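Listed here are the chains, written in short residue letters.
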Amino acid sequence: MRTNRLLWAAAGVVVVLLLAGVGIVVALRGGTDEPDPVAAPSSAPALVPPTSASPAPPPGADLEGPLDLLILGVDTRTTIPDWQPHADAIMLLHVDADLRKGYLYSLPRDLRVDVPAFAKNGYGGGRHKLTEAMSDGAKVKGTDKANVAQGYELLARTISKYTGIKEFDAGAVLTFAGLSKLTDALGGVTLKIDQKVVSQHRRPDGSLRTLRSGGGGYVGPQATYLPGPRKLVGWQAIDYARQRYTAGGDYTRQRHQRQLVKALLTKAEDAGLATDQAKLQAVLDALGDTLVFSGQRTPIEYAYALRDLTPSSLTLVGLPGDGVYSGGGYIGEQLTATGRGFLRAVAAGDPAPYLAKHPELVNR
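S.K.: How should I be thinking about the overall build of the chain in this particular structure?
M.R.: In terms of regular secondary structure, the chain is built from 11 helices and 17 strands. Counting every position in the chain, which comprises 364 residues, the buried fraction comes to 53%. Relative to all contacts within the chain whose residues are 6 or more apart in sequence, the contacts with residues 24 or more apart total 68%. As displayed, the chain has an accessible area near 15700 Å², and 52% of this comes from carbon and sulfur atoms.

Structure, rendered in C-alpha cells:
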C-alpha cells in the first residue's frame, strides 16, 4: 500500500516525471548547464486532484495497459544562436497489460533509421541518424528558432516507424539543469558504478573543464568515478551518465542512463513523498519550468494507473548493436538481429518470453 500512496500523492511529480507517468527526457550530453529556453507547450498539471462531494473513481482508474512511454535526452546549446536540439539519450518504457511490470530499454542515438517527411516545417525525410530526427523536426519554418515539442513529434513518429510501436502514450522533456536540480532536491542518488569512468567535461570540484585552444577536446583535471556504490550529487550523477568515451562507448552510456533513472525512482520511493508534502513541494520548486509534458492524459492519471509499478518490478534491457560503415567511414549504428527481435516482442506486447530466451539482454 505504501507504493500506492506514494504514486498517487506524487502524481505528476518525481515518480511520474522520472518514469511511470510521463517518462523523462534527460539532457545527458548537453554542452551547457543553462536551462532550455524553449517554453513548455502546456501548463504544469495540478498537484492534487480536485475533491468532490460524492465519491468518484480516481482520475486514471480507467487507463488500461499495455503502455509505451518515450524517454528522450535533448542536447540544447543555448550559447549557439541557431543550434537545433538533438536527442542524445533515447529510452523507452514498456509497461505490461497488467500495469505491474515495466521494461526500460534504449535506442542508440546514431541508429540509422528512415525519418518520415514532416509537413509542419517542410522537412522532406530521408535516412539519417536517429538523433537528427529531433533537430530536423524542431526547425521552425522560415526562422532559425527551435521548437522542442515539434521535434519530439517527428522523433516519436520516427521511432514508431522503426520499432512497430503504433504510438506513445506519453513523453516529457526535463532539461539537463532540471534533472540536476531534481537529483539534489532528492538529496542525491546512490549508484552502483560498474566501471571506472573519467569525465570529459567536469573537474573534480564540478566546474567545467577548459576547451582546448583550437578545439579538439578539453584540458585540466578530470572528475573520476570509481567502481562501487557511490553517493552522487546532481552534477555528478548527470556527468557520470553523460560519458561515452569509455569501455563500451555509447552502449555503456545507455546502460548508465537506465541505471540512473531506476536509481532516482528508487530514491523518490524511499523519500516518502506521500507523507511529506513539504519535501514534495521542494521537488516541484526545483523543477520549475524545466518540464515539458506530452500526453493525451494528465500525469495524475498515468500515476494512478501505474500505482503498482515499483523499481523492483522494472527490468533494464540493453540492446546490442554494431557500427555501420560506408566507403570506409562510420555512418552510424544498427541493432543486431537479437536487438531487433526484442523490439518486435515489445510491439506485440509480450517482451517477457523473449527475454527468457535471451537473458543476456537484461542488465543487472
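S.K.: When you look at the environment of Ser106 in this model, what are you seeing that I'm missing?
M.R.: Residue placement: Ser106 occurs in strand β3 (residues 102-106). On the basis of relative accessible area, Ser106 is assigned to the buried category, the value being 1%. For the pair formed by Ser106 and Leu93, sequence separation is 13 residues and the distance between their alpha carbons is 8.9 Å. Contact partners of Ser106, with chain neighbours within four places excluded, come to Ile90, Met91, Gln254, Arg258, Val317 and Leu319.

S.K.: What is the right way to look at the packing of aromatic side chains in this model?
M.R.: For any pair of aromatic rings, geometry is given as the distance between the ring centres together with the angle between the planes. Across all of its chains, the model carries 4 aromatic pairs by this definition. When the ring of Tyr105 is compared with that of Phe342, the centres are 5.2 Å apart and the planes differ by 80°; the resulting orientation is edge-to-face. Of this pair, Tyr105 sits in strand β3 while Phe342 sits in helix α10 (residues 337-347), and the two are 237 residues apart along the sequence. The buried category is assigned to Tyr105, whose relative accessible area is 0%. The class for Phe342 is buried, based on a relative accessible area of 0%. Judged by centre distance (5.7 Å) and plane angle (65°), the rings of Tyr225 and Tyr240 are edge-to-face. Here the residue Tyr225 occupies a position in strand β11 (residues 224-225), and Tyr240 occupies one in helix α6 (residues 234-242), the gap between them amounting to 15 residues. For the pair formed by Tyr225 and Tyr240, the shared burial category is buried. Here a set of aromatic residues connected by ring pairs shows up, and it is made of Tyr105, Phe342 and Tyr354.

Cut-offs used in this document
- Residues numbered from 1 in each chain as written.
- Predicted model: local features only at pLDDT ≥ 70, side-chain atom pairs only at ≥ 80, totals over all residues.
- Heavy atoms only, no water.
- Helix = DSSP H or I, 4+ residues; strand = E, 2+ residues; numbered from the N terminus.
- Buried < 20%, exposed > 50% of the residue type's maximum accessible area, 1.4 Å probe, protein only.
- Contact = heavy atoms within 4.5 Å.
- Areas by Shrake-Rupley, 256 points an atom, 1.4 Å probe, with all protein chains shown as cover.
- Phe/Tyr/Trp six-rings, centres within 6.5 Å; stacked < 30°, edge-to-face > 60°.

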